[in-house]
Amino acid sequence: MSFRTTLSFALLLTAAPIAAQAQDASAPTAPAVTQTEPRETIEGQLSQERTVIAVPAFATPAVTTVAGLRTDNLGRDIAKVIADDLERSGLYAPLGPGSVRAIGMAEVTAPRFADWKARNAENVVHGFVRATGTGGFVVGCYLYDTELGSELVRQGFEIQPADWRRAAHKCADAIYSRLSGESPFFDSRVAYIAESGPKGNRIKRLAIMDSDGGNHRFITNGQALAISPRFSPDYKKIVYVSYLNNRVRVFIYDVAAGTQKLVTESGNATFAPRWSPDGRQILYSMAVGGNTDIYRVSAEGGTPVRLTTTPGIDVGGSFSPDGKKIVFESDRSGSQQLYTMNIDGSNQQRISFGGGRYATPEWSPRGDLIAFTRMGGGEFRIGVMTPTGGGVRMLTNSWQDEAPTWSPNGRVIQFFRTTAGREGKSTLWQVDLTGVNLRRLPTPQDGSDPSWGPILP
Amino acid sequence: MTIRKSTAIIAAITMLAVGACSPKPPKELPPAPEGTGTDTGTNTGTGVVPGSQEDFVASVTSDRIFFGFDQYNVDAEDQATLQSQAQWLQRNPAVRVTLEGHADERGTRDYNIALGERRANAAKNYLASLGIDPSRIQVISYGKERPAALGSNEEAWAQNRRAVTVVIGR
């Protein structure tokens, strides 16, 4: 993938004066290239003090069409994706390209701050899209403080046409990081299970998409039940469980090749797979004669190492980001609870002690928290606790929320929500660590088992 | 959770009672999971093929046993059902079966796969204790993926916490 941050930025900006003239001529625009997507719904209140950020359509020095994409349309679509990303973070109130005037190329490096202050915007995002002449685009991304009149972010990205959304996500990430002080998370992808059909015979397909639902793609055709996918840290593979040939087995799917292989040969059911942070090992659970234990095996194959031996159901598991510990669930105490252990299986310690049953633990990529599903009082809720079991906080409150997965920066959690009844179905949701910015993720069908990958390489 | 085994027993008895009233036992069987071979399609209504799924269902007390919430023990009611299945299996020694373990929707996905496997194995072990060669029985857990009853209430969940014996051929 030829996607690199452009360092020679001063050079790129020499096109600016020409652009100012070209911009006026391009006022009427063709339909946007953005596909229609289901609207996301927002529940819960947003922060009262969201920063207003103006994100006008990116300018272009010359309207050029490359691979069916016009630079002026692309400028508006990129600004829209940036505004949507910032809005979804819950921290900002963007004024997107649909609600503010377009800018000329000359404004990219010389914003009319008074205009944006008049719109109560504390910050303004400017940028441009220029065809490289070699089949790609350069996207410039700038963030300004309207009060100080100062530049806060200046980045440029050279992209292939198919990757235009990534340029928008990288720009949004740069803005979010600069303003919030947090690590980026928009330029990342999600693997999940797309669901359709009646409740008693659901069709469940492996699918992947960008963190905002863009670039959606089905991977499996639904003939075999697919569940619990996880992207490898380099995004090249997906480990998941398939009911192919009416057996329950863990497969590794190669995204580029479109082929899959068994993780381990066994006559027993293998499920609940997870990658180690370096992508070299896979954790899975295996049921043998009614007893389930957790195993670790090289992603290349080899002899599995059994990590738990306690009678009962030891299942799931998630590596700490340093790869030294594993959090998992076990019913050895009589009900599902969370435990940690070293990666060789030693030092197993229970960490959940509150009321109810605890399941599906996921270690935050920051290492500071473990997300889980808590069952009790007739509800399944998503919560977080420290790795030693302290500071339990519940983030959602619904009939059945299950299976949290972390954003790359450990500030947002996706999960799936199931509704009750014969027509009950599952959909993907996300909530931030404050528990107030709760939203449904747009997917073409129903969805479950989300798995959020790291920032794209 | 206050659901106990008794709920399942009542549900099971209710189902059996319903079955007893109608000429062909569990007529209201749910559609089988894709490709599991519940419907062999070999019988066209002219007669039951010995050793077939239809023969099995017509001959045994029930093709399924039920469990309490988060439970996997085989109680007296279940034992009677499995004894009828064992007798049929002894009469049809060439037939192999799959024991499908299932859980209700009120558990997390991975745990429910482990729980369904545990239930299917409990049924398999009981059949083995009655002299059925365990190599004739394969086990698969569907966890909460294939509910038989679609409601979200105690009655539906009691029907879904089940181990179902399915004839797969000889």
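Residues numbered from 1 in each chain as written. Chains lettered and ligands numbered in written order. Predicted model: local features only at pLDDT ≥ 70, side-chain atom pairs only at ≥ 80, totals over all residues.

Colleague: What exactly am I supposed to notice about the overall build of chain A here?
Modeller: Secondary structure summary: chain A contains five helices and 33 strands in total. Here chain A holds 457 residues, and 50% of them are scored as buried. Within chain A, residue pairs in contact and separated by at least 24 positions form 49% of the contacts whose partners lie at least 6 positions apart. (Helix = DSSP H or I, 4+ residues; strand = E, 2+ residues; numbered from the N terminus. Buried ≥ 20, exposed ≤ 12 C-beta atoms within 10 Å, placed from the backbone. Contact = placed C-beta atoms within 7 Å.)

Colleague: Honestly, the interface of chain B and chain A in this entry has me stumped. Any pointers?
Modeller: A common way to express how large an interface is: the accessible area buried when the components associate. Listed as interface residues are 24 residues of chain B and, on the opposing side, 31 residues of chain A. Of all the secondary-structure elements, those providing two or more residues to the side of chain B that touches chain A are helix H4 (109–129) and strand S3 (137–143) of chain B. The biggest single contributor to the side of chain B that touches chain A is H4 of chain B, with ten residues.

Colleague: What's the story with the packing of helix H3 (residues 76–91) of chain B against H4 of chain B in this structure? I'm lost.
Modeller: Each packed pair of helices is defined by two parameters, the angle between the axes and the distance between the axes. Residue and element names in this part refer to chain B. H4 packs onto H3 with a crossing angle of 60° between their chain directions and a minimal axis gap of 10 Å. One finds that H3 runs oblique with respect to H4. Considering only the axes of H3 and H4, their crossing is right-handed. Seen from H3, the contacting residues are Gln-79, Leu-82, Gln-85 and Ala-86; seen from H4, they are Ala-123, Tyr-126 and Leu-127. (Axes fitted to C-alpha atoms, helices over the stretch in contact; angles between N-to-C directions. Parallel < 35°, antiparallel > 145°, perpendicular 65-115°, else oblique. Left-handed = near helix turned anticlockwise from the far one by under 90°.)

Colleague: Honestly, the environment of Gly-334 of chain A in this entry has me stumped. Any pointers?
Modeller: Position of Gly-334 of chain A among the secondary structure elements: in the loop between strand S22 (325–330) and strand S23 (337–342). Separated by 207 residues in the primary sequence, Gly-334 of chain A and Gly-127 of chain A place their C-alpha atoms 58 Å from one another.

Colleague: Which parts of the structure should I look at to understand the packing of helix H3 (residues 71–88) of chain A against helix H5 (residues 164–180) of chain A?
Modeller: Residue and element names in this part refer to chain A. Running from N to C, H3 and H5 point in directions that differ by 45°, and their axes come no closer than 9 Å. Looking at the two axes, H3 sits oblique to H5. Note that H3 runs across H5; the crossing there is right-handed. Here Leu-74, Ile-78, Val-81, Ile-82, Asp-85 and Leu-86 of H3 come into contact with H5, specifically with Trp-164, Arg-165, Ala-167, Ala-168, His-169, Cys-171, Ala-172, Ile-175 and Tyr-176.

Colleague: I'm lost on the sheet that holds S3 of chain B in this one. Help?
Modeller: Backbone hydrogen bonds hold the strands of a sheet together, and the pairing may be parallel or antiparallel. Residue and element names in this part refer to chain B. In space, the four strands of this open sheet follow the order S1-S4-S2-S3, with mixed pairing throughout. Each of the sheet's edge strands pairs with one partner strand only, and the pair in question is strand S1 (64–66) and S3. Each strand of the sheet is rotated relative to its neighbour by a mean of 20°, with strand direction disregarded. When strand S2 (residues 96–102) meets S3, the two strands line up parallel, connected through six bridges. Bridge pairing links Thr-98 to Gln-138 in S3. (Pairing = 2+ DSSP bridges.)

Colleague: In this structure, what is going on with the sheet that holds strand S17 (residues 269–275) of chain A? I would like to understand it.
Modeller: One open sheet accounts for four strands, arranged S17-S18-S19-S20 (chain A); its pairing is antiparallel. The open sheet has two edge strands, S17 and strand S20 (305–306) of chain A, and neither has a second partner. Contacting S17, strand S18 (281–288) and strand S19 (291–298) of chain A, H4 of chain B crosses the sheet at an angle of about 160° to S17 of chain A.

Colleague: What exactly am I supposed to notice about H3 of chain A here?
Modeller: Because each turn of an α-helix spans 3.6 residues, side chains separated by three or four positions end up pointing in the same direction. All names here are of chain A. Here H3 is 18 residues long and its end C-alpha atoms lie 25 Å apart, about the 26 Å a rise of 1.5 Å per residue gives. Of all 18 residues making up H3, 17 are buried, and the element is well covered by its neighbours. Looking one or two places after H3, you find Gly-90, whose phi comes out positive at around 80°. (Expected span 1.5 Å × (residues − 1).)

Colleague: Got a minute to help me understand the environment of Thr-146 of chain A in this structure?
Modeller: Residue and element names in this part refer to chain A. Positionally, Thr-146 belongs in the loop between strand S8 (137–145) and strand S9 (150–159). Along the chain, Thr-146 and Arg-112 lie 34 residues apart, while their C-alpha atoms are 8.8 Å from each other. When neighbours within four sequence positions are excluded, Thr-146 is seen to be in contact with Phe-113, Trp-116, Lys-117, Ala-121, Glu-122, Asn-123 and Val-124.

Colleague: I tried to follow the nonpolar core on my own but got confused; where do I start?
Modeller: As a rule of thumb, nonpolar side chains are buried together in soluble globular proteins. Ranked by internal contacts, the top residues of the largest apolar core, which has 151 residues, are Ile-78 and Ile-82 of chain A together with Ala-123 of chain B. Shared between two domains, this core holds at least three residues of each, these being domain 1 (4–180) and domain 2 (188–455) of chain A. If sequence neighbours within four positions are ignored, Ile-78 of chain A has contacts with Phe-58, Gly-127, Val-129, Val-139, Trp-164, Ala-167 and Ala-168 of chain A. (Core = buried A, V, L, I, M, F, W, Y, C linked by C-beta atoms within 7 Å. Domains from an automatic or database assignment.)

Colleague: Quick question: what am I supposed to make of the pairing of strand S11 (residues 203–210) of chain A here?
Modeller: Residue and element names in this part refer to chain A. Pairing of strand S10 (residues 188–196) with S11, which is carried by eight bridges, proceeds in the antiparallel orientation. The residue bridging Ser-196 from the neighbouring strand is Ile-203, located in S11. Bridge count between S11 and strand S12 (residues 217–218): two bridges; the pairing is antiparallel. Along S12, the bridge assignment pairs Ala-207 with Phe-218.

Colleague: When you look at H3 of chain B in this model, what are you seeing that I'm missing?
Modeller: All names here are of chain B. If you check H3, its first and last C-alpha atoms are 23 Å apart, about what 16 residues at 1.5 Å a residue would give, namely 22 Å. Restricting attention to buried positions, one finds in H3 the residues Asp-78, Thr-81, Leu-82, Gln-85, Trp-88 and Leu-89. Burial along H3 is one-sided: seen end-on, the buried residues are contained in an arc of 110°. Residues of H3 that are exposed and angled more than 90 degrees away from the buried face: Ala-76, Gln-90 and Arg-91. (Arc of directions from axis to C-beta.)

Colleague: Help me understand the confidence of the model for chain A, please; the structure alone is not making it clear to me.
Modeller: If pLDDT is low for a region, its predicted coordinates should not be looked at in detail. Overall, the prediction assigns chain A a mean pLDDT of 91, with 89% of residues at 70 or greater. Across residues 6–41 of chain A the pLDDT falls below 50, and counting only partners more than four positions away or on other chains, this stretch makes 60 contacts in the model. (pLDDT = per-residue confidence, 0-100.)

Colleague: How do you make sense of the pairing of S9 of chain A when you look at a structure like this?
Modeller: Working note: regular strand, side chains alternate between the two faces of the sheet. All names here are of chain A. Two strands pair when backbone bridges link them, and S8 and S9 are joined in this way by nine bridges, in the antiparallel orientation. Residue pairing across strands places Tyr-144 opposite Glu-151, the latter belonging to S9. Linkage of S8 to S9, two consecutive antiparallel strands, is achieved through a turn of four residues, within which Gly-149 is found at a positive phi near 65°.

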